[in-house]
Amino acid sequence: MTVAPFVWAGQARADNILVFAAASLREALDDVGAIWTGAPLSVSYAGSSALARQIEAGAPADVFLSANMAWIEHLAERGITDPSRTVALLSNRLVLAGPADAVHPFDDLVAALAALPGDAWIATGFLESVPAGIYARQALEAADVLEEFMPRIVQTENVRIALALAARGEVARAIVYRTDALAEPGVAIEVLIPETLHDPIRYPAALTTASTHPEAAAFLAFLTSSQAMAVFRSHGFEVPE
C-alpha cells in the first residue's frame, strides 16, 4: 500500500488535506501522518490561539487540532467548526522542566520554584491565550505563587518556543507539556505538576464547516483509530476518559 506524501502547508496542493495543529503535536502528528494512506496532508504547526485566529480570518483549514477546547468553542460560536464534527482526541500533563544538566527532581511545584535563584527566568506560553500558558497561570495561581513569579515569566507565542529557551539555557525553567519535554533531549522534567492545579488538558480535533475535501472526515476518523492512538501514546499523550 502506498503511503500518502506528508508535506508542509507551504508546499500545499489543491488536493491536500489542510491541517492546522498545535505546536506541541508536531512529532506525534508527523508520525501519524506517515501511516495515513489517504490524500496527502499539508500541516501548519503553531500556537492554538494563532491558528484559530488564522482560521477565523479565512485560512482554508480542513481540520484543526487544538491544545484546548476554548479555541474550538470560539470557532464553533462563529459557525466555523461544528460540535457534531468535533472529537475529544488526547490528553496531556503539565510539567516544570529545565536544562537536562541542571534540574533536580521534586515532588512539589512550590518547593521546586522556591529552590531557584532569585533572578531565574521561567518560560511558558502567553498566559492569557496560549493553552500551555493558560494552564501554567492556573497552576501558579492555585499554588499561590503567581504574583511572586509573574515578573520572572517569559511569555512566548507557543509552547515549543518556551521549550527551546529552556533547552538552550536561556531560561532556568519552562512550564510545558510532558510530551514536549520528552521530545527534547536538551531538557529534563523536574516536577510533574498535579492535575488538580489546572483545568484538564484536552486536545480536540474538528472539521471546519468550510471544508470541502472529500477525505477530511476520513482523516478525522483516522486520528481516533487504534493505529493513530498507538503513535500518540508512544509520544507520551494519553486518551481522555
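Worth saying up front: this structure is predicted, and the values here are computed from it rather than measured.

> I tried to follow the environment of Leu207 on my own but got confused; where do I start?
Note on placement: Leu207 falls in strand β11 (residues 202-208). You can call Leu207 buried: its relative accessible area is 3%. A C-alpha to C-alpha distance of 9.3 Å links Leu207 and Val87, two positions 120 residues apart in sequence. Apart from the residues lying within four places of it in its own chain, the contact partners of Leu207 are Asp62, Val63, Ile80, Thr81, Asp82, Arg85, Ala216, Ala217 and Leu220.

> Please explain the sheet that holds strand β6 (residues 94-99) as it appears in this structure.
Sheets are built from strands paired through backbone hydrogen bonds, the pairs being either parallel or antiparallel. On the basis of which strands lie adjacent, the open sheet formed by five strands has the order β8-β7-β9-β6-β10 and mixed pairing. Every interior strand has two partners, whereas the edge strands, β8 (153-156) and β10 (187-192), have only one. Averaged over all pairs of adjacent strands, the angle between their axes in this sheet comes to 35 degrees, without regard to strand direction. With five bridges connecting them, β6 and β10 associate as antiparallel partners. Its bridge partner lying in β10, Leu96 is registered against Val191. Against the sheet, helix α5 (residues 131-142) touches β6, β7 (122-125), β8 and β9 (173-177), its axis set at about 115 degrees to β9. Contacting β6, β7, β8, β9 and β10, helix α7 (residues 159-167) runs over the sheet at an angle of about 140 degrees to β9.

> Hey, could you run me through helix α1 (residues 26-35) in this one?
An α-helix turns once every 3.6 residues. As a result, residues three or four positions apart point the same way. Listed as buried for α1 are Ala28, Leu29, Val32 and Gly33. Buried positions in α1, seen along its axis, are confined to an arc of 135 degrees and lie on one side of it.

> Sorry, what's going on with the side chain of Thr81 here?
Inspection of the secondary structure assignment puts Thr81 in strand β5 (residues 81-91). A distance of 3.2 Å separates the side chain of Thr81 from the backbone oxygen of Ile72, its partner in a polar contact. From its side chain, Thr81 meets the backbone nitrogen of Ala76 in a polar contact 3.2 Å long. With sequence-adjacent residues up to four places away left out, Thr81 is seen in contact with Ile72, Leu75, Ala76, Ala206, Leu207 and Thr209.

> When you look at the confidence of the model for the protein chain in this model, what are you seeing that I'm missing?
Note that predicted coordinates carrying low pLDDT should not be read in detail. Taken as a whole, the protein chain shows an average pLDDT of 93; of its residues, 94% reach a score of 70 or greater. Counting interchain partners and residues more than four positions distant, the pLDDT-below-50 stretch residues 1-11 has 30 contacts.

> How should the pattern of salt bridges be read in this particular structure?
Should their charged atoms come close, side chains of opposite charge can pair. Across all of its chains, the model carries nine salt bridges by this definition. A salt bridge links Arg93 to Glu195; the nearest nitrogen and oxygen atoms lie 3.8 Å apart. Here the residue Arg93 occupies a position in the loop between β5 and β6, and Glu195 occupies one in the loop between β10 and β11, the gap between them amounting to 102 residues. Its relative accessible area of 13% is what places Arg93 among the buried residues. Bridged by salt links that share partners, the residues Glu27, Arg160 and Asp180 form one connected network.

> Can you walk me through the pairing of β11 in this structure?
Among the seven residues that make up β11, six are buried, leaving the element largely enclosed by the rest of the structure. With three bridges joining them, strand β4 (residues 63-65) and β11 adopt antiparallel strand pairing. Paired with Val63 across the two strands is Leu207, which belongs to β11. Judged from the six bridges that link them, β5 and β11 form a sheet pairing that is antiparallel. From the neighbouring strand, Thr86 faces β11, where its bridge partner is Ala206.

> Where do I start with the packing of aromatic side chains in this structure?
All told, the structure shown has six aromatic pairs when counted by the stated rule. For the pair Trp36 and Phe219, a centre-to-centre distance of 5.3 Å together with 75 degrees between the ring planes defines the contact as edge-to-face. With Trp36 in the loop between α1 and β3 (41-46) and Phe219 in helix α9 (residues 216-223), this residue pair connects regions lying 183 residues apart in the sequence. A relative accessible area of 7% places Trp36 in the buried class. A connected cluster of aromatic rings, assembled from ring pairs, spans Tyr135, Tyr177, Tyr203, Phe232 and Phe237.

> Would you explain α5 in this entry?
In a regular helix each residue adds 1.5 Å, so 12 residues correspond to 16 Å; α5 covers 16 Å between its end C-alpha atoms and thus fits that length. The element α5 is largely enclosed, with a buried count of 10 among its 12 residues. All of the buried residues in α5 are Pro131, Ala132, Gly133, Ile134, Tyr135, Ala136, Arg137, Gln138, Ala139 and Leu140. Of the residues flanking the end of α5, it is Asp144, one or two places downstream, whose phi is positive at about 65 degrees.

So, how was this worked out
- Residues numbered from 1 in each chain as written.
- Predicted model: local features only at pLDDT ≥ 70, side-chain atom pairs only at ≥ 80, totals over all residues.
- Heavy atoms only, no water.
- Helix = DSSP H or I, 4+ residues; strand = E, 2+ residues; numbered from the N terminus.
- Buried < 20%, exposed > 50% of the residue type's maximum accessible area, 1.4 Å probe, protein only.
- Contact = heavy atoms within 4.5 Å.
- Pairing = 2+ DSSP bridges.
- Axes fitted to C-alpha atoms, helices over the stretch in contact; angles between N-to-C directions.
- Arc of directions from axis to C-beta.
- Polar contact = N/O pair within 3.5 Å; in protein donor to acceptor, adjacent residues only side chain to side chain.
- pLDDT = per-residue confidence, 0-100.
- Salt bridge = Lys/Arg side-chain N within 4 Å of Asp/Glu carboxyl O.
- Phe/Tyr/Trp six-rings, centres within 6.5 Å; stacked < 30°, edge-to-face > 60°.
- Expected span 1.5 Å × (residues − 1).

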